[in-house]
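Letter by letter, the chains look like this.
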Amino acid sequence: MKAIRRFTVRPVLPEPLRPLSDLARNLRWSWHAETRDLFQSVDPERWAASNGDPVRLLGGVPPRRLAELAGDRRFLRRLTAAVDDLNDYVRGDRWYQAQPAGLPAAVAYFSPEFGITAALPQYSGGLGILAGDHLKAASDLGVPLIGVGLLYRHGYFRQSLSRDGWQQEHYPVLDPNELPLAPLEEDDGSPARLSLALPGGRALHARIWLAQVGRIPLLLLDSDVEENDLGERGVTDRLYGGGSEHRLLQEMLLGIGGVRAVRTYCRLTGHPGPEVFHTNEGHAGFLGLERIAELGDQGLDFDSALEAVRAGTVFTTHTPVPAGIDRFDRELVARHFGPGAELPRIDVQRILGLGMETYPGGEPNLFNMAVMGLRLAQRANGVSLLHGQVSREMFSGLWPGFDADEVPITSVTNGVHAPTWVAPEVLRLAARQVGVQRTEDALTVGGSDRWDAATSIPDQDIWELRRDLREQLVVEVRSRLRASWRQRGAGTAELGWIDGVLDPDVLTIGFARRVPSYKRLTLMLRDRDRLMDLLLHPERPVQIVVAGKAHPADDGGKRLIQELVKFADDPRVRHRIVFLPDYGMAMAQKLYPGCDIWLNNPLRPLEACGTSGMKAALNGCLNLSVLDGWWDEWFQPDFGWAIPTADGAGTDADRRDDIEAAALYDLMEQRIAPRFYERGRGGLPERWIEMVRQTLTLLGPKVLAGRMVREYVERLYAPAAHAHRALDADAARELAGWKGRLRAAWPSVGVDHLETSAAAETAELGTTLTLRVRVRLGDLAPDDVEVQAVSGRVDSEDRITDATAVPLKPVSGPDLDGHWCYEGPLSLDRTGPYGYTVRILPSHRLLASNAELGLMTTPSEEVVEAAGVLMR
């Protein structure tokens, strides 16, 4: 029989055990081994059955066992120690509190998904896991972050396979009362709520749930409330589901509702209000509109409010392809803003102007969330060095005339939260080498370039650790594979072969990620005979563990999974290659440590960063990857292998895949497998172990989320807070007025004449020439602009490469025609073909860069020809 109504019955803990509830509700347990050990000791069997979820565990422990623990003095001492440790962690000073004054009092961090723990399934892949690691690292460092997201009642989806290997999606209903969450409440005990206006006099209501991530509050907005109609209740039904309007409402709730949730939380708790707002990808971009509306209510006009908002906003882009960005029809956006809808005080045309693709190659009728994010943020970044370069090229249309390397988008390479992803066995080995506290500091705060302690770990210890982790993975894989085959309809009698799947002494390769086509799940199947030879080699066999989810609407991705599953089902190789469905955090925490090689073969440069290989590396796993994302930045032969990229202009997609797959097979056959199985005098693979040691010593400190968050604080949050404080109402009005005056006057700005003291087309290295320029500034003054000489080597088409820009100084003017004369030195500091030009840029003390307005004036062709700009 089916229940007509569902309740969540909470356990009543005996008074001595009440602190267990506080420990369960703070998600620090998800990366704190001692707290997890405490919960496991409550009831080991139920702990395993709850998949390591303390809230579920406490809901199922019998009263008799609770009474027993309440009288167990040893357990109560452990409980008291755990609570004291958490209190010290939450309230004590950490890295951030030891920094010089001037850092932001608080930072609001918005993301559409957060991967904190498998017990709170609010993530689909890398973006969410990165956001979760960002919060955890911020907590470890003491950074006063407030996380903001949505609470999806179905999460992403659970994945299983049909008998013929086709992906099946399941959407279990998540009850917030059964999750490690607490409702945010008003002073009178009623739930804290907010609402957004919808067209037609309707409203979208949401309540606010709080997840405590160590020191960091994470606010999750939930539209499944009684005040909403059925359609509005479903706005937060699932992650990345629904059509355009559904997604738009999700992003309005995240951005606009998220700001309102932050204001509510700060009002109720006394938490400092954020000085910096950080939007993780464009999904939360509407937060800038809400903040403009707030300032409008305080008397600022739109342009001035826009400047004030931009000053304190950081935008991080995570996609290297335009197709990965949310774009909406302009009419859909217009319908949801303005009179009769949300933010009625703002002219809807101004809103549309922030997101429209008004640049060459753009779609004039589409509202682009990333474009809005960039226009609303004074600081922006990609997530690896290469991705920063790709982003500057991709969005260069917003800064016309500037070379891509001058587009004001920097990069902060992602990192991973080591306490979450490093296996307990690895942590114990590190603690044995340097002590528990030094290990914790190294993995959280970081800061060193090398972990020299790893160099003294004996070969035998490293090899035994790697073998132990591999054996644990074999056990995990067999358990999951058996469960998967039962879901696919197999009977127990058919599954005896699973006991022989994988071997703890065989070279193990891992490949796990989302399954869009560019990640090339099936590149390894390009030559199946060669792959079979690798898997079944009599002396140097290889085994592969694969996992990944395709988006529910991506049939192409599902076909790739089915193709791989059918290969892995072949009785000849099924003991050497497996596909595990339902890839998530719980599986990943076993998979990364147990693999010897982490494989990544995307189409370069379509992997923005890719952090799974970082997590593997922290466990002593070597990387085998295309030079993309973070691997392009930090690859060394000591850490693994680079798959060559076949990116020639004449190489079609099929030939490129053939070439890169052949290179992959060659590496595995000729270099990787021989090194793994090669034994030295002590019977150990000494050269392999040395690569593991070098990975831990030199790569480990780089890939930490602690390093990443410190970079955000120092390079983005601190400057944004400084700019925010500088842009009070008067300064914002001044800057907005200046920009308006500058844009109006810019068409009359020009370079009329330039000359140098050079008498010939050749000159000697070290020569300094004098450059003179006559410019028109129209209604502007020299304080409004910077006139620059730009020089450097030139290529065959006279483009300046590796350019150096030097400001010139006004020496006279204005003359009767309104001209100003500028002058400055031009140093010839490089040999070979050399050239220069000049340009005029806007200049103001409150600009983050001269490129901010996207305005530049350069000499006309006639002026260039008269000047003669090349030197040999």
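Here, every reference points to the structure presented above.
What this report covers is the structure whose coordinates are included nearby. Remember, it's a predicted structure, so these values are computed and weren't measured experimentally.

So, about the pairing of strand S6 (residues 193-197). Both faces of the sheet carry side chains from a regular strand, because those side chains alternate between them. A one-sided burial pattern is seen for S6, the buried positions being Leu 194 and Leu 196 and the unburied ones Arg 193, Ser 195 and Ala 197. The pairing of S6 with strand S7 (residues 203-213) spans five bridges and is classified as antiparallel. Counterpart to Leu 194 in the pairing with S7 is Ala 206. Here S6 folds back onto S7 in antiparallel fashion, the turn holding five residues, of which Gly 200 has a positive phi close to 80 degrees.

Attention shifts here to the packing of helix H25 (residues 653-677) against helix H26 (residues 686-699). Each pair of packed helices can be summarised by the angle the axes make with each other and by the distance between the axes. Look at H25 against H26: their axes get within 6 Å of each other, and the N-to-C directions meet at 105 degrees. The angle between H25 and H26 places the two elements in the roughly perpendicular class. Residues Ile 672, Arg 675 and Phe 676 of H25 touch H26, and the partners they reach there are Arg 687, Trp 688 and Met 691. The residue inventory of the contact of H25 with H26, partitioned by class, reads four nonpolar, no polar and two charged.

There is a patch of like negative charges on the surface, built from Glu 34, Asp 37, Glu 440 and Asp 441. Elements with a minimum of two residues in the negative patch: helix H2 (33-42) and helix H18 (436-444). By secondary structure assignment, the location of Glu 34 is in helix H2.

A sheet is described by the order of its strands in space; here four strands give the open sequence S21-S22-S26-S25, paired in antiparallel fashion. This sheet does not close on itself; its edge strands, each paired only once, are strand S21 (750-756) and strand S25 (809-812). Looking at each pair of strands side by side, their axes are set apart by 30 degrees on average, direction ignored. In terms of strand pairing, strand S22 (residues 768-776) meets strand S26 (residues 819-827) through nine bridges, oriented antiparallel. Each residue of the ladder has a partner; that of Arg 772, found in S26, is Glu 823.

Moving on, we get to the packing of helix H20 (residues 528-535) against H25. With their axes 11 Å apart at the nearest point, H20 and H25 run at an angle of 15 degrees to one another. Taken together, the axis directions place H20 and H25 in an arrangement best described as roughly parallel. The two elements H20 and H25 cross, and the hand of that crossing is left-handed. Of the residues in H25, those in contact with Arg 530, Leu 531 and Leu 534 of H20 are Ala 662, Tyr 665, Asp 666, Met 668 and Glu 669.

Throughout the structure, instances matching the rule amount to 19 aromatic pairs. With a centroid separation of 5.3 Å and an interplanar angle of 45 degrees, the aromatic rings of Phe 286 and Phe 337 are classed as tilted. Linking Phe 286 in the loop between strand S9 (276-280) and helix H10 (287-297) with Phe 337 in the loop between helix H12 (330-335) and helix H13 (348-355), this pair joins segments that are 51 residues apart in sequence. The two residues Phe 286 and Phe 337 agree in class, both being buried. Ring geometry for Phe 676 against Tyr 677: centres 4.9 Å apart, planes inclined by 80 degrees, an arrangement best described as edge-to-face.

Here is what the cut-offs are and how they apply
- Residues numbered from 1 in each chain as written.
- Predicted model: local features only at pLDDT ≥ 70, side-chain atom pairs only at ≥ 80, totals over all residues.
- Heavy atoms only, no water.
- Buried < 20%, exposed > 50% of the residue type's maximum accessible area, 1.4 Å probe, protein only.
- Helix = DSSP H or I, 4+ residues; strand = E, 2+ residues; numbered from the N terminus.
- Pairing = 2+ DSSP bridges.
- Axes fitted to C-alpha atoms, helices over the stretch in contact; angles between N-to-C directions.
- Parallel < 35°, antiparallel > 145°, perpendicular 65-115°, else oblique.
- Contact = heavy atoms within 4.5 Å.
- Nonpolar A, V, L, I, M, F, W, Y, C, P; charged D, E, K, R; others polar.
- Patch = residues over 30% accessible without salt bridge, like charges linked within 9 Å, V, L, I, M, F, W, Y side chains within 5 Å.
- Areas by Shrake-Rupley, 256 points an atom, 1.4 Å probe, with all protein chains shown as cover.
- Salt bridge = Lys/Arg side-chain N within 4 Å of Asp/Glu carboxyl O.
- Lys, Arg positive; Asp, Glu negative; His and termini not counted.
- Charge placed at Lys NZ, Arg CZ, Asp CG, Glu CD.
- Left-handed = near helix turned anticlockwise from the far one by under 90°.
- Phe/Tyr/Trp six-rings, centres within 6.5 Å; stacked < 30°, edge-to-face > 60°.

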